[in-house]
Amino acid sequence: MSSVDIPTSPLPVPPELQRGGHKTREEWLESGRFAVELLCRTLGSNNLSGVRLLDVGCGTKVVKTLIDDSIPVGRYVGIDASAEVIEWLKANVSDPRFEFHHLDAHNTMYNAEGSDLASFEALPVGGRRFDLICLFSVFTHLAPHDYVAMLRLLRRHAKPDAKLVFSLFLRDREREANFAKSIDEALASPDPEIRKRTEEAVARGRARRAAEEDRRFADAIPDRPLEIARYEPDYALELVRDTGWEVLELHPPERYIQHYMICQRPPLAAEVHERTG
């Protein structure tokens, strides 16, 4: 694809299309820069020149980072279950390397009236395949059946050796132990107000923690369905099997991301061997 200059003026994303629990606009912008840097790192490059990138659950921050920071990219295709996000991007991004599509798939948080994810044979990009596929804060809101359906759907749009990066919530027992220690310290505080607030918080969380104790998957906040879809690490890895992806790396949380997994579409030779072996 021929080189095209990225517009130098910042993409004016309105606050209502600024997703995530970031405290400030600058923190949100930094999270976008982190996401793009992670994608480059995954490919061992300092930019995305010549790369065909598929961003599912795209939102607006990766697009804004690529445009505002003039980062080379071969082709960017953004897909989102929010029609509002896609309509805004189509109206405000004119660079021919960027395109956007609405996926009317069910998501409890973002598109409750959409169709079941498993009913889709392909994404709305025709038969095209990509070098790199990313999903930031998507699997964090998927129940197991959609977790598997999404991986299988993405596999159909991956070139041989393509990389896949996605974030997810995993149960972290070390962090839970540290949290339990801080609770014990608060309950032993000489300040009665601290003890009272801590006791109330413990009471609210006791039933939820008991329900999660023996489950490989937990919808961690039942009254806000799938706001936090949390998996046992072994179960998250198990679900990748038989979806056409090979897990390369599983990373702990970093400053602007939860746990994240890097997978690869098996090389063509390996696929042939699987079919004929």
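These numbers were taken from a predicted model, which means no experiment stands behind them.

Cut-offs used in this document
- Residues numbered from 1 in each chain as written.
- Predicted model: local features only at pLDDT ≥ 70, side-chain atom pairs only at ≥ 80, totals over all residues.
- Heavy atoms only, no water.
- Helix = DSSP H or I, 4+ residues; strand = E, 2+ residues; numbered from the N terminus.
- Buried < 20%, exposed > 50% of the residue type's maximum accessible area, 1.4 Å probe, protein only.
- Contact = heavy atoms within 4.5 Å.
- Areas by Shrake-Rupley, 256 points an atom, 1.4 Å probe, with all protein chains shown as cover.
- Pairing = 2+ DSSP bridges.
- Right-handed = clockwise from strand over helix to strand, strands pointing away.
- Core = buried A, V, L, I, M, F, W, Y, C linked by side-chain atoms within 4.5 Å.
- Expected span 1.5 Å × (residues − 1).
- Disulfide = S-S within 2.5 Å.
- Phe/Tyr/Trp six-rings, centres within 6.5 Å; stacked < 30°, edge-to-face > 60°.
- Lys NZ or Arg CZ within 6 Å of the ring centre and 35° of its normal.
- Axes fitted to C-alpha atoms, helices over the stretch in contact; angles between N-to-C directions.
- Parallel < 35°, antiparallel > 145°, perpendicular 65-115°, else oblique.
- Left-handed = near helix turned anticlockwise from the far one by under 90°.
- Nonpolar A, V, L, I, M, F, W, Y, C, P; charged D, E, K, R; others polar.

Caption draft 1: Region of interest: the overall build of the protein. The number of helices and strands found in the protein is eight helices and nine strands. Burial analysis of the protein (277 residues in total) assigns 48% to the buried set. Residue pairs at least 24 apart in sequence account for 64% of intrachain contacts in the protein once pairs closer than 6 positions are excluded. Within the structure as shown, the protein displays about 14300 Å² of accessible surface, and the carbon and sulfur contribution to it stands at 50%.

Caption draft 2: The pairing of strand β4 (residues 130-135), seen in detail. Judged by how many residues are buried, β4 sits mostly within the fold: five of six residues are covered. By the bridge criterion, five bridges tie β4 to strand β5 (residues 158-170) in an arrangement that is parallel. By the bridge assignment for β5, leucine 132 is matched with lysine 163. The β-α-β motif built from β4, the intervening helix α4 (residues 144-155) and the parallel element β5 has right-handed crossover chirality.

Caption draft 3: Expanded view of the nonpolar core. In this structure, Leu135, Tyr147 and Phe166 are the most contacted members of the largest nonpolar core, which totals 41 residues. Looking at this core, the elements that each hand over two or more residues are β1 (48-56), β2 (73-80), β4, α4, β5, β7 (229-231), α7 (233-240) and β9 (259-264). Examining the composition of this core, we find that seven residues originate from one element, α4, more than from any other. Leave out the neighbours within four places in its chain, and tyrosine 147 touches Phe139, Leu142, Phe166, Leu168, Tyr231, Ala236, Leu239, Val240 and Met261. Ranked by size, the runner-up nonpolar core spans 36 residues in total, among them Ile86, Phe100, Leu132 and Ile257.

Caption draft 4: Fine view of unusual backbone geometry. Phi at serine 70 takes a positive value of approximately 50°, unusual for a residue other than glycine. Residue placement: serine 70 occurs in the loop between α2 (61-68) and β2. Exposure remark for serine 70: the relative accessible area of 41% places this residue in the partly exposed category. Phi at leucine 226 is positive, roughly 60°, even though this residue is not glycine. Look at leucine 226 and you get buried, because its relative accessible area is 11%.

Caption draft 5: Quick peek at α4. The terminal C-alpha atoms of α4, which comprises twelve residues, lie 17 Å apart, in line with the 16 Å expected from a rise of 1.5 Å per residue. Of all the twelve residues making up α4, ten are buried; the element is thus mostly covered by neighbouring parts of the structure. Within the span of α4, buried status applies to Pro144, Asp146, Tyr147, Val148, Ala149, Met150, Leu151, Leu153, Leu154 and Arg155.

Caption draft 6: The state of the cysteines, seen in detail. Tallied over the entire structure, the rule returns zero disulfides. This cysteine, cysteine 134, is not joined by any disulfide, and cysteine 58 carries the nearest cysteine sulfur, 9.0 Å off.

Caption draft 7: Seen up close, the packing of aromatic side chains. If you walk through the whole model with that rule in mind, you get nine aromatic pairs. With a centroid separation of 5.0 Å and 85° between ring planes, the pair formed by phenylalanine 139 and tyrosine 147 is classed as edge-to-face. Its relative accessible area of 0% is what places phenylalanine 139 among the buried residues. An angle of 40° between the planes, with centres 6.0 Å apart, marks the rings of tyrosine 231 and tyrosine 235 as tilted. A relative accessible area of 13% places tyrosine 235 in the buried class. Among the aromatic residues, those joined into a ring-pair cluster are Phe139, Tyr147, Phe166, Phe217, Tyr231 and Tyr235. A cation over a ring is seen here: arginine 255 above tyrosine 256, with NZ or CZ 4.4 Å from the ring centre.

Caption draft 8: Structural view of the packing of α4 against α7. Contact geometry for α4 and α7: axes closest at 9 Å, N-to-C directions at 40°. Relative to α7, α4 is oriented oblique. Crossing angle aside, the handedness with which α4 passes α7 is right-handed. Residues Pro144, Tyr147, Val148 and Leu151 of α4 lie in contact with α7, whose contacting residues are Tyr235, Ala236, Leu239 and Val240. Split into classes, the residues belonging to the contact of α4 with α7 amount to eight nonpolar, no polar and no charged.

The quantities given are spatial measurements derived from coordinates; they are silent on function.
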